[in-house]
Amino acid sequence: MEEKTINLKLVIFSGLMMALIGSVIGLAAAEMSKSRYQCCNFTKVDKGYSSAKAPRTYATVGAIMGFVIGSIQETVRSLKPEDE
């Protein structure tokens, strides 16, 4: 019986490429969610929350999600079903 091995370099590379794509999508989401008259700085609103959308936060979340999804996808792709 042949033992299945996972190519760790390929899994990490796939995760990094998806992280790059995820960060770009996060930056695009931050740009689209900006309000019309928003300036560059964070502004406090009396309701207790910030009206600004932080692009760094969106890019970080997109990169983390992209890395996780890319790594899982490549791991599943490398584990092909056995023919019996």
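Right above here is the structure, for reference.
Keep in mind the model is a prediction, meaning the values are calculated, not measured.

Rules and cut-offs
The residue numbers shown here count from 1 along each chain, following its written sequence. Where totals are concerned, whole chains, interfaces and linings use all residues; where local detail is concerned, this predicted model gives features only for residues with pLDDT of at least 70, and gives and counts side-chain atom pairs only at 80 or more. For side-chain calculations, the full set of non-hydrogen atoms in the structure is used, while hydrogens and water are omitted. Numbering of helices and strands runs from the N terminus; a helix is a DSSP stretch of H or I covering at least four residues, while a strand is a stretch of E covering at least two. Each residue after the first adds 1.5 Å to the expected span of a helix. Accessible area is worked out with a 1.4 Å probe on protein chains only. A residue is then buried under 20% of its type maximum, exposed over 50%, and partly exposed in between. Should any heavy atoms of two residues lie within 4.5 Å, those residues are considered in contact. Salt bridge, as used here: a side-chain nitrogen of Lys or Arg that lies within 4 Å of a carboxyl oxygen of Asp or Glu.

Engineer: I'd love a proper account of helix α2 (residues 55-78), names of residues and values included.
Structural biologist: In this model α2 runs 34 Å from its N-terminal to its C-terminal C-alpha over 24 residues, within 8% of the 34 Å that 1.5 Å per residue would give. Those residues of α2 not exposed but buried are Ala 59, Gly 62, Gly 66, Gly 70, Ser 71 and Glu 74. For α2, the elements touching its buried residues are α1 (8-32).

Engineer: With reference to specific residues and values, describe the pattern of salt bridges.
Structural biologist: Evaluated as defined, the whole model comprises 1 salt bridge. Note that Arg 77 and Glu 74 form a salt bridge whose closest N and O atoms lie 3.3 Å from each other. Here Arg 77 pairs with Glu 74, and both are found in helix α2, just 3 residues apart, close to one helical turn. Assessed through its relative accessible area of 48%, Arg 77 is described here as partly exposed.

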